[in-house]
Amino acid sequence: MVKEVLKMTVIDFSKIPEIPTAAQLIDVAFRRASKVSVGLKEKLPPIVKARRREEARVRTVMQVIRDRLKKIVDSFPFIRDLHPFYRDLIDLLVGVDTLRKYLGAINKATEVVEKIAREHILRIRLSATPREAAFERRAAYGRIASFVKELDDKFEFLRSAREKMMRIPSIDPSFFTIVVTGYPNVGKSTFVKQVSSAKPEIAPYPFTTKNIIVGHIELNEERCQILDLPGVLDRPISKRNKAEMQAILALRHLANVMIFIVDPSASCGYTLDEQVALFKEFCEAFKEIPKIVAINKIDISPPDKVKEAKKYFGEDAIEMVAIEGIGVKEALDRALSYYFKEKTT
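All chains use their own residue numbering, which begins from 1 and follows the written sequence. With the structure being a predicted model, the display of local features is reserved for residues of pLDDT at least 70 and the display and counting of side-chain atom pairs for 80 or more, all residues being used for whole-chain, interface and lining totals. Calculation of side-chain values draws on the structure's entire complement of heavy atoms; hydrogens and water are dropped beforehand.

### Let's talk about the overall build of the protein chain
Helix and strand content of the protein chain: 11 helices and seven strands. This radius of gyration counts C-alpha atoms alone. The globule rule is 2.2 Å times how many residues there are, raised to the power 0.38. Whereas a compact globule of 345 residues would reach a radius of gyration of roughly 20 Å, the protein chain reaches 29 Å, over 25% beyond that. A principal-axis box enclosing the C-alpha atoms of the protein chain has dimensions of 100 × 40 × 30 Å. For the protein chain, the proportion of its 345 residues judged to be buried stands at 50%. In these tables, accessible area is a Shrake-Rupley quantity obtained with a 1.4 Å probe, and a residue counts as shielded only by the protein chains included in the view. Carbon and sulfur atoms form 51% of the exposed surface of the protein chain, whose accessible area is close to 17,400 Å². Of the charged side chains in the protein chain, 59 are positive and 47 negative; the average position of the first set lies 11 Å away from that of the second. Strands here are runs of E lasting at least two residues and helices are runs of H or I lasting at least four, both read from the DSSP assignment and numbered beginning at the N terminus. Categorising residues by exposure relies on relative accessible area from a 1.4 Å probe, with only protein chains included: less than 20% of the type maximum marks a residue as buried, more than 50% marks it as exposed, and the intermediate range marks it as partly exposed. This count recognises Lys and Arg as positive and Asp and Glu as negative, with His and chain-terminal groups excluded. Lys charges are placed at NZ, Arg charges at CZ, Asp charges at CG and Glu charges at CD.

Printed below as a string of structure tokens:
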């Protein structure tokens, strides 16, 4: 399977800054404006001093709110440029169309704030008395504050979106990716740790309370990644809800090859029949992704169970004792053969 190749960097969603409330944003802007110092000559008429002082305050409020709103918009990744893997997860977590809509509204809000400020700055410049200038500044404050408060539902949505998106792991979809599947306790994490050149990273993943294990393999001055996704790919697809199913299907954009690990000893807590059924479901859900079967724990499995597993999964299934490294290289080499196939096509 050749994945869609897109030029991109890994997205670290945890770096999206906190989203303020409308009240917090207004408070910051007004406090900043109250501290504005305008260098004025003593001989200037009072009205000129008042105009310049009040204009500077309104301009500061406008700049602070405008810049903070732009920072919010810019802190979220540009949806159109995201890899389909990330895009699908974001759509499932928060809704891509809604996210675009609210970010667009925040971006448009910067123009409204600037328009309000310009209107009152013009009136301040035309004011006849210091009192009139102060009145226009207060009017600008009031209109801007009222408008920003109307954005509070959008801030709330973006705060919630940020919290959910921060759970998306920083995985590089452009890397050749091996996804390790199978029931819990069959030896998936042991396998990942055996083949990874460095200590695997632990990261959160949406729709499960468990963490994924991300290992990296250095190959021909390039890096491949191998993933164990507990809580995502370790129970029957038929027992999942719609959200979990969509999360699983998002992996179609990520996986180049799958390694399905079997435990014929049933020490994992699942019978061989249950493991066969799970494998069949993966074959149906991920038809286009090549699959390799590794029969693990052959050292503690009755020979007849290993033979039975071979009958179900084929004679080419790899016999393995992951904890001792037996058969691990063979399974990895077979998975990486798809990497070399892609390099030559």
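### A look at the environment of K199
Looking at where K199 falls in the secondary structure, it is placed in the loop between α7 (188-195) and β2 (201-204). What makes K199 exposed here is its relative accessible area of 77%. Taking the C-alpha atoms as reference points, K199 and T181, separated by 18 residues in sequence, lie 20 Å from one another.

### Focus: the packing of helix α2 (residues 46-75) against helix α4 (residues 96-125)
All axes here are fitted lines through C-alpha atoms, helices being fitted over the stretch that makes contact, and every angle between N-to-C directions spans 0 to 180 degrees. Where α2 contacts α4, the axes come no closer than 9 Å and their chain directions differ by 175°. The orientation of α2 relative to α4 falls into the category roughly antiparallel. Residue-level inspection shows R51, E54, E55, V58, R59, M62, I65, R66, L69, K70, I72 and V73 of α2 in contact with α4, the latter providing L103, I106, N107, A109, T110, V113, E114, A117, I121, I124 and R125. Put simply, Ala, Val, Leu, Ile, Met, Phe, Trp, Tyr, Cys and Pro go in the nonpolar bin, Asp, Glu, Lys and Arg in the charged bin, and everything else, Gly too, in the polar bin. Its residues assigned to classes, the contact of α2 with α4 comprises 13 nonpolar, two polar and eight charged. Comment on the angle field: the value is read as roughly parallel under 35 degrees, roughly antiparallel over 145, roughly perpendicular from 65 to 115, and oblique elsewhere. Here, residues are in contact when the closest pair of their heavy atoms is within 4.5 Å.

### As for the nonpolar core
Here is a general trend for soluble globular proteins: nonpolar side chains tend to be buried in one another's company. Judged by nonpolar contacts, the single largest core of 111 residues is most densely connected at F76, I90, L99, F155, L158, F191 and F313. Among the elements that take part in this core, α4 stands out by supplying 11 residues, more than any other. With near-sequence residues (within four places) excluded, F313 lies in contact with F260, V262, L272, Q275, V276, F279 and V293. To define a nonpolar core, start from buried Ala, Val, Leu, Ile, Met, Phe, Trp, Tyr and Cys residues and group those joined through side-chain atoms within 4.5 Å.

### As for the pairing of strand β4 (residues 222-228)
Of all seven residues in β4, five are buried, a share of seventy percent or more. With seven bridges connecting them, strand β3 (residues 211-219) and β4 associate as antiparallel partners. Bridge pairing links I213 to D228 in β4. Between the end of β3 and the start of β4, which pair antiparallel, lie two residues, with N220 showing a positive phi angle near 50°. Only when DSSP finds a minimum of two bridges between them are two strands counted as paired.

### Overview of the confidence of the model for the protein chain
Detailed reading of predicted coordinates is not advised where the pLDDT is low. For the protein chain, the average pLDDT comes to 88, and 92% of its residues sit at 70 or higher. Confidence scores labelled pLDDT are given residue by residue by the predictor and lie between 0 and 100. Per-residue pLDDT stays below 50 along residues 1-8; that stretch engages in 26 contacts with residues further than four places along the chain or on separate chains.

### Observations concerning the sheet that holds β2
Each strand in a sheet pairs with another by means of backbone hydrogen bonds, the pair being arranged parallel or else antiparallel. The sheet built from seven strands is open, its strands ordered β2-β3-β4-β1-β5-β6-β7 with mixed pairing. Two strands bound the open sheet, and with one partner strand each, they are β2 and β7 (318-319). Two strands pair when backbone bridges link them, and strand β1 (residues 177-181) and strand β5 (residues 257-262) are joined in this way by four bridges, in the parallel orientation. Along β5, the bridge assignment pairs V180 with I259. In the packing of helix α10 (residues 303-313) onto the sheet, contacts are made with β5, β6 (291-295) and β7, and the angle to β6 comes to roughly 170°.

### Some remarks on the side chain of R137
Following the sequence through the fold, R137 ends up in helix α5 (residues 130-149). Residue class for R137 comes out buried when judged on its relative accessible area of 15%. Among the polar contacts made by the side chain of R137, one reaches the side chain of E54 at a distance of 2.9 Å. Discounting residues that sit within four places of it in the chain, R137 has contacts with E54, R57, V58 and I124. Any pair of N or O atoms that falls within 3.5 Å is considered a polar contact. Within protein, one atom must be able to donate a hydrogen and the other to accept it, and sequence-neighbouring residues count only if both atoms are side-chain atoms.

### Regarding the pattern of salt bridges
The term salt bridge refers to a pairing of a side-chain nitrogen on Lys or Arg with a carboxyl oxygen on Asp or Glu at a separation within 4 Å. As enumerated under the stated definition, the model contains 19 salt bridges in all. A salt bridge links E54 to R137, with the shortest nitrogen-to-oxygen separation between them at 2.9 Å. Of this pair, E54 sits in helix α2 while R137 sits in helix α5, and the two are 83 residues apart along the sequence. Taken as a pair, E54 and R137 share a single burial class, namely buried. Across the pair E218 and R223 runs a salt bridge whose closest N-O atoms are separated by 3.0 Å. Each member of the salt-bridge network shares a partner with another, and the members are E54, R57 and R137.

### Section: the packing of helix α9 (residues 272-285) against α10
For any two helices packed against each other, one specifies the inter-axial angle together with the distance between the axes. At a closest axis distance of 11 Å, the pairing of α9 and α10 adopts a crossing angle of 20°. Between α9 and α10, the angle is such that the two are roughly parallel. Pair α9 / α10 crosses with right-handed handedness. Counted together, L272, D273, Q275, V276 and F279 of α9 and K305, E308, A309, Y312 and F313 of α10 form the full contact between these two elements. Of the residues belonging to the contact of α9 with α10, the class tally is six nonpolar, one polar and three charged. Each crossing gets its hand from how the near helix is turned against the far one by less than a right angle, where anticlockwise is left-handed and clockwise is right-handed.

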